[in-house]
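# Reading the structure
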Amino acid sequence: MLLLVAMIIALSVAAASEVDITTLIEANSIVSISNNFDTSVQNITIYNTSDGTISESWMCYIWHDENGGVMEAFSYDDGSWQIYGGGEGYGYLASEQTVYVMGFYADAYEENMQYLMAQNIGEFEDDHAIVSQETTQEGNLLITVEGSSSSYTEAAGGDDFIYRYVVNPETLHIISINIYMVGEDGGESLYLHADHEVNVEFEIPDYYMQIHDAEVLRELHVIADPGTNAQVEYVIEAPIDVPIAVYSPEGYDIYEDEECTVTVQTAIQRDENGNYPATSTIYAK
């Protein structure tokens, strides 16, 4: 009888420790990570499944500004940066060796941040299912998930994937990820590896001060829905020598002409001194 009771207790403890996939997804949403930790850093590497070489890599940083607002940045293997937060965005384009301003108009910034905050530290699809859980020697959870990937199928060259997550057993935040493409012969080829740390210190390039300390600014006027009752004019400012990457809200494109027949194909050009026009206008519809 005592042995039976012990077995029942052991089974109850094991069942209680099982993690369901919905809980895992919720614990690793960007919203949850930003609410529960001061900072987050994820280092992501993509591999060619044919030969194991690195295809690309990038890092994602999450922190809070002095007002508690969420900031998010991405650094890429070519040295480029994108930084979002505080109602604006800016970055560094390594190929041009230049800082640039992200020019959001109308609801573009809010839509962009909603997209970023809707992401997850892990990679999850509707058909994903946990197939095994075990405890590692370090005391973490190793959770194996199987399923498809709408994001990676074409790039990886396969339809079936295995996701192995190392997870903190207390907070359930993901510590590392290995995603494998499963071949027709059942063999596994590493497609993605990511490491994730929370509450760590890091430095972000101070492009903000470089942009906001500029003494001479230029204006890009964006006239949305020109010639209609809904016409609204937005003004995007940037230093006179800094390019602007225009971000449109969903359903809008930018045009060179008021009739909105010629889409903007090329960037506004600098003059011989490296400056942009003090004022320029584009249209959106």
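Calculation rules
Residues numbered from 1 in each chain as written. Predicted model: local features only at pLDDT ≥ 70, side-chain atom pairs only at ≥ 80, totals over all residues. Heavy atoms only, no water. Helix = DSSP H or I, 4+ residues; strand = E, 2+ residues; numbered from the N terminus. Rg over C-alpha atoms; globule rule 2.2 N^0.38 Å. Buried < 20%, exposed > 50% of the residue type's maximum accessible area, 1.4 Å probe, protein only. Contact = heavy atoms within 4.5 Å. Areas by Shrake-Rupley, 256 points an atom, 1.4 Å probe, with all protein chains shown as cover. Lys, Arg positive; Asp, Glu negative; His and termini not counted. Charge placed at Lys NZ, Arg CZ, Asp CG, Glu CD. Salt bridge = Lys/Arg side-chain N within 4 Å of Asp/Glu carboxyl O. Core = buried A, V, L, I, M, F, W, Y, C linked by side-chain atoms within 4.5 Å. Pairing = 2+ DSSP bridges. Axes fitted to C-alpha atoms, helices over the stretch in contact; angles between N-to-C directions. Phe/Tyr/Trp six-rings, centres within 6.5 Å; stacked < 30°, edge-to-face > 60°. Arc of directions from axis to C-beta.

## Brief notes about the overall build of the protein chain
Check the secondary structure of the protein chain and you find 6 helices and 16 strands. Expected size for 285 residues packed as a compact globule is a radius of gyration near 19 Å; at 24 Å, the protein chain overshoots this value by more than 25%. Oriented by its inertia axes, the alpha-carbon framework of the protein chain measures out at about 85 × 45 × 40 Å. Scored against the burial criterion, the 285 residues of the protein chain give a buried share of 41%. A sequence separation of at least 24 residues applies to 50% of the contacts in the protein chain between residues at least 6 apart. For the protein chain, the exposed surface amounts to about 16,100 Å²; the carbon and sulfur share of it is 48%. With 4 positive and 50 negative side-chain charges, the protein chain shows a spacing of 10 Å between the two charge centroids.

## Observations regarding the pattern of salt bridges
Here the structure, examined in full by the defined rule, presents 1 salt bridge. With a closest N to O distance of 2.9 Å, Glu188 and Arg164 form a salt bridge. Taken together, the residues span a long stretch of sequence, with Glu188 in strand E11 (residues 188-198) and Arg164 in strand E9 (residues 160-167) at a distance of 24 residues. Glu188 gets classed as partly exposed once you look at its relative accessible area, which sits at 39%.

## A look at the nonpolar core
Core analysis: the largest hydrophobic core is formed by 40 residues, its most contacted members being Tyr165, Val167 and Leu192. Here Leu192 is in contact with Ile44, Thr45, Ile46, Tyr47, Tyr152, Ile177, Asn178 and Ile179, once residues within four sequence places are set aside.

## Details of the sheet that holds strand E7 (residues 129-135)
Strands sit in the order E7-E8-E9-E10-E11-E1-E2-E3-E4-E5-E6-E14 across an open sheet of 12 strands; the sheet is mixed. Every other strand in the sheet has two partners, leaving E7 and strand E14 (244-247) as the edge strands with one partner each. Here the strands of the sheet are splayed against their neighbours by 15° on average, with no regard to which way each runs. Sheet analysis places strand E8 (residues 141-147) next to E9, joined by 7 bridges and oriented antiparallel. From the neighbouring strand, Glu146 faces E9, where its bridge partner is Ile162.

## Considering the packing of aromatic side chains
Per the stated rule, a full pass over the model turns up 12 aromatic pairs. When the centroid spacing of 5.3 Å and the interplanar angle of 80° are considered together, the rings of Phe104 and Tyr109 count as edge-to-face. Residue class for Phe104 comes out buried when judged on its relative accessible area of 15%. Tyr109 sits in the buried class, given a relative accessible area of 13%. Centroid distance Phe104 to Tyr247: 4.8 Å. Interplanar angle 40°. Geometry classified as tilted. Of this pair, Phe104 sits in strand E6 (residues 98-104) while Tyr247 sits in strand E14; the two residues are 143 residues apart in sequence, bridging distant segments of the chain. The structure contains a cluster of three or more aromatic residues connected by ring pairs, namely Tyr61, Trp63, Trp81 and Phe202.

## What about the sheet that holds strand E15 (residues 254-255)?
Taken in spatial order, the 4 strands of this open sheet run E13-E12-E16-E15, and their pairing is mixed. The open sheet has two free edges, formed respectively by strand E13 (232-239) and E15, since each of these has just one partner strand.

## Digging into helix H4 (residues 108-117)
Among the residues of H4, Ala108, Tyr109, Asn112, Met113, Leu116 and Met117 are the ones counted as buried. One side of H4 carries all its buried residues, which in axial view fall inside an arc of 160°. For H4, the exposed residues set more than 90 degrees away from the buried face come down to Gln114 and Tyr115. On its buried face, H4 sits against helix H3 (30-36), strand E3 (70-76), strand E4 (81-85), strand E5 (88-93), E6 and E14.

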